[in-house]
Amino acid sequence: MSTQQRARRPRDLRLDFFRGLAMFIIFIAHMPHNPWKQWIPAAFGPSDATELFVFCSGMASALAFGALFRDRSFLLGTARTAYRVWQVYWAHVCLFIVTLTVLALFDQWHGDDFYTTRLYTRPIFEATGQHLVAFMTLQYVPNYFDILPMYMVILMMMPVVVALGLRSRWAAFAFMGGVWLLAQFDVLHFSAEVREGVEREWFFNPFGWELIFFVGFSFVMGWLKPPPRSWWLVAASVVVLGLGVLTASRFGWDNVAWVIPFRHANSWLFWKTDLGIFRIVHFLALCYIAWFIVGESGRRLAMDGLPGRAVDVIRKVGQQSLAVFVSGMVLSQIMGAALDLSAERGPAALAMANISGCIVLIGIAYLVGWFKSEPWRREAGAPAKRVAEPRPVEARVGEVKEAAVSAAGAKARVPV
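Given the structure is predicted, the values throughout are model-derived calculations rather than measurements.

1. A look at the overall build of the protein
Of regular secondary structure, the protein possesses 17 helices and 0 strands. Scored against the burial criterion, the 416 residues of the protein give a buried share of 48%. Within the protein, contacts between residues at least 6 apart in sequence are counted, and of these 75% link residues at least 24 apart. Accessible surface computed for the protein: about 20900 Å², of which carbon and sulfur atoms make up 66%.

Here it is as structure tokens:
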């Protein structure tokens, strides 16, 4: 790509880039018995790609729905959100059915129930009617299939948060914090089981995880301002990341004698199901370091040559995150089974499974993007219509704020 072409493209590359990175990490993390998981962010601290995915989803939701709530009407914004929930619901159903079919096929080849047992899906084979109804009503949520249900519930909370935030951002913050606090005391949660005598809640409690989603949402809506670019904050973030390595990494807590009793006494700080507070602090510190490194509006990501093309590919994956996520969850099980069939899980076989899987996800992202461009609508012989690149985040945030100022009038102006 020429320098002139680089100059014309949007400066802000961060959201799609980091969503794309999250998709690759999630794929690697979900491949069964994959040693490459020892080198993903979750191996170096309490937070992982799930926080990144949920945080970026909050930002993307604000960009997609924020101006609609403010500029058009609250009813239209709510309807658009409901439509997104509908899409995610059917993506969840398809993911489950396809993955279950793949696992059943592998079991037939294997001659037992190894794969369905490994993914904890045996209950639906043993009591199909009961669990099928429970699955479709989100009462039965196997651990591997719990991210999309969490996302649906958080999306359903979004109109409430927007309604409060349009009146007072502090009311929205109080609601977010209050719901998160109730989740920490196990007041708000959903059961994931319908079998008698078996107690298990959703692995990702949406009433805890909503906080990280709405933090990202609030930054784009203008309710929260980005922190200043300060070396003191960089130093503080590095300290937090160091504490994460000590207390929650594969190098740290279970290898350091005096950390073990601290972890046992303060496990609530590290809860993944309810999103413990140290996971949030650790993720925000990691975000600040990444935000500082890529520069204002992600300008350091706008590179020439091979690095620039790599950034473009990762961004393309981030732009099609739902399709890539669903495909990656199925593909990780396929690659795990392929490794089971190999003579040994040596470096070459692992590299082949992980790298080829990532290449397939890239191909899916480009294919879905091509379908979304609707090339069949072009007249025969007409040149392909260029799809406009997403505008910078700052520009879209500015539009959201301008819409808020126009709607509120002179008496309730939103500072920009």
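Right, picking up where we left off after that structure.
2. Let's talk about helix H4 (residues 74–110)
Between its first and last C-alpha, H4 extends 53 Å over 37 residues, near the 54 Å set by a 1.5 Å rise per residue. In the stretch just after H4, Gly-111 is the one whose phi turns positive, near 85 degrees.

3. Here's the deal with the packing of helix H8 (residues 147–167) against helix H9 (residues 169–184)
At a minimum axis separation of 6 Å, H8 and H9 run at an interaxial angle of 145 degrees. Two secondary-structure elements touch here, H8 through Met-157, Val-160, Val-161, Leu-164 and Gly-165 and H9 through Arg-169, Ala-171, Ala-172, Phe-175, Met-176 and Val-179. Of the residues contributing to the contact of H8 with H9, the split by class is 9 nonpolar, 1 polar and 1 charged.

4. Description of the state of the cysteines
Evaluated as defined, the whole model comprises 0 disulfides. Free cysteine: Cys-287, not disulfide-bonded; nearest cysteine sulfur from Cys-56 at 7.2 Å.

5. As for the pattern of salt bridges
Applying the stated criterion to the full structure yields 10 salt bridges. Its salt-bridge partner being Lys-272, residue Asp-48 comes within 2.7 Å of it at the nearest N-O pair. Of this pair, Asp-48 sits in the loop between helix H2 (14–30) and helix H3 (49–72) while Lys-272 sits in the loop between helix H12 (259–265) and helix H13 (277–294), and the two are 224 residues apart along the sequence. Taking the relative accessible area as the measure of exposure, Lys-272 reaches 25% and is therefore partly exposed. Linked through salt bridges whose partners overlap, the residues forming this network are Asp-48, Glu-51, Lys-272 and Arg-279.

6. Quick word on the environment of Leu-241
Position of Leu-241 among the secondary structure elements: in helix H11 (residues 231–248). When the C-alpha positions of Leu-241 and His-282 are compared, they lie 6.3 Å apart, and in sequence the two are 41 residues distant. In this structure Leu-241 touches His-282, Ala-285, Leu-286 and Ile-289, once residues within four positions along its chain are discounted.

7. Notes on the packing of aromatic side chains
In the structure shown here, the tally under the stated rule is 31 aromatic pairs. The interplanar angle of 75 degrees and the centroid separation of 5.6 Å between the aromatic rings of Trp-86 and Trp-90 together place this pair among those described as edge-to-face. Placement of both Trp-86 and Trp-90 in helix H4 is noted, with a separation of 4 residues, approximately one turn of the helix. With centroids separated by 5.2 Å and ring planes inclined at 45 degrees, the aromatic side chains of Phe-190 and Phe-207 adopt a geometry described as tilted. Placement of Phe-190 in the loop between H9 and helix H10 (206–221) and of Phe-207 in helix H10 is noted, with a sequence separation of 17 residues between them.

8. Observations concerning the side chain of Gln-320
Mapping Gln-320 onto the fold places it in the loop between helix H14 (305–319) and helix H15 (321–341). By relative accessible area, Gln-320 is classed as buried at 8%. Those residues in contact with Gln-320 that lie beyond four places of it in its chain are Ala-365, Val-368, Gly-369 and Lys-372.

9. Concerning the nonpolar core
Within the largest apolar cluster, 101 residues are counted, with the highest numbers of intra-cluster contacts made by Met-158, Phe-213, Phe-214 and Phe-217. When neighbours within four sequence positions are excluded, Phe-213 is seen to be in contact with Val-54, Ser-57, Gly-58, Ser-61, Tyr-151, Ile-154, Leu-155 and Met-158. One finds Val-234, Leu-241, Phe-278 and Ala-285 within the second-largest nonpolar core, a separate group that totals 12 residues.

10. Section: the confidence of the model for the protein
Taken residue by residue, the protein gives an average pLDDT of 86. The fraction at 70 or more is 88%. The weakest mean pLDDT in the protein belongs to helix H1 (residues 3–8) at 38; the strongest belongs to H9 at 96. Confidence drops under a pLDDT of 50 for residues 1–11, and excluding neighbours within four residues, the segment shows 25 contacts in the predicted structure. Note on residues 407–416: pLDDT under 50 across the span, and 5 contacts to partners over four residues away in sequence or across chains.

Definitions and limits used
- Residues numbered from 1 in each chain as written.
- Predicted model: local features only at pLDDT ≥ 70, side-chain atom pairs only at ≥ 80, totals over all residues.
- Heavy atoms only, no water.
- Helix = DSSP H or I, 4+ residues; strand = E, 2+ residues; numbered from the N terminus.
- Buried < 20%, exposed > 50% of the residue type's maximum accessible area, 1.4 Å probe, protein only.
- Contact = heavy atoms within 4.5 Å.
- Areas by Shrake-Rupley, 256 points an atom, 1.4 Å probe, with all protein chains shown as cover.
- Expected span 1.5 Å × (residues − 1).
- Axes fitted to C-alpha atoms, helices over the stretch in contact; angles between N-to-C directions.
- Nonpolar A, V, L, I, M, F, W, Y, C, P; charged D, E, K, R; others polar.
- Disulfide = S-S within 2.5 Å.
- Salt bridge = Lys/Arg side-chain N within 4 Å of Asp/Glu carboxyl O.
- Phe/Tyr/Trp six-rings, centres within 6.5 Å; stacked < 30°, edge-to-face > 60°.
- Core = buried A, V, L, I, M, F, W, Y, C linked by side-chain atoms within 4.5 Å.
- pLDDT = per-residue confidence, 0-100.

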